[in-house]
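Inside the fold
Chain by chain, the residues run as shown.
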Amino acid sequence: AVVSTQSTGSLIRLSEAHARMRLSNVVEELDVNEANRLYKEALKQAATDPKTGQIDMEILMTGLSATSRAKRAELAKFIMQSLTAGKKTLKMGELYDLCREGFTDGFTQPQFEMSVRDLLDEGKIIQTSNRQIRLKDI
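Residues numbered from 1 in each chain as written. Predicted model: local features only at pLDDT ≥ 70, side-chain atom pairs only at ≥ 80, totals over all residues. Heavy atoms only, no water.

Turning next to helix α6 (residues 109-121). Over its 13 residues, α6 extends 18 Å from the first C-alpha to the last, a length consistent with the 18 Å expected when each residue adds 1.5 Å. What α6 keeps buried is the set Phe112, Ser115, Val116, Leu119 and Leu120. With its buried residues spanning 140 degrees around the axis, α6 presents them on a single face. In this fold, the buried residues of α6 make contact with α4 (66-85), α5 (92-102), β2 (125-127) and β3 (132-135). Positioned one or two residues after α6, Gly123 has a phi angle of 75 degrees, which is positive. (Helix = DSSP H or I, 4+ residues; strand = E, 2+ residues; numbered from the N terminus. Expected span 1.5 Å × (residues − 1). Buried < 20%, exposed > 50% of the residue type's maximum accessible area, 1.4 Å probe, protein only. Arc of directions from axis to C-beta. Contact = heavy atoms within 4.5 Å.)

Dropping the structure here:
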């Protein structure tokens, strides 16, 4: 496994702290082994997708699990399909209600807002000053 400079520093500090807990001024192999065990356990807990129970290292970098990222992408796709198939311009609340009715996987308000934000950032939709969402003219 690749170990970053920060990880190495963390392991050193954990090893030193474990040695101090034993009232020793010298770090021994058992301190390093325990530091490594603690580090791996903390990493496993921080990177475990709560929905799947699988380790997903992307959680540490993006704050989102693969499951959450996939749902966000699917919701954004549904939003685009909804705008393409129906009214080209919708108030934010109307779009939210439309997604609530048609998106079968369920979602939260923040997931909806992040999906809209993704589409705005990608330049696929535009938000007007009166909180209306519309497809960007091509």
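That shown, we press on.
Pairing is antiparallel across the open sheet formed by three strands, whose spatial order is β1-β3-β2. Either end of the sheet is taken by a strand with one partner, and the two such strands are β1 (89-91) and β2. If you compare each strand with its neighbour and ignore which way they point, the axes differ by 20 degrees on average. Where β1 and β3 come together, three bridges link them in antiparallel fashion. Each bridged residue has a counterpart across the sheet, and for Leu90 the counterpart in β3 is Ile133. (Pairing = 2+ DSSP bridges. Axes fitted to C-alpha atoms, helices over the stretch in contact; angles between N-to-C directions.)

Of all residues in the protein, 97% have pLDDT values of 70 or greater, and the mean over the chain is 87. Averaged pLDDT values for the elements of the protein fall to 80 in helix α3 (residues 58-62) and rise to 93 in helix α1 (residues 5-21). (pLDDT = per-residue confidence, 0-100.)

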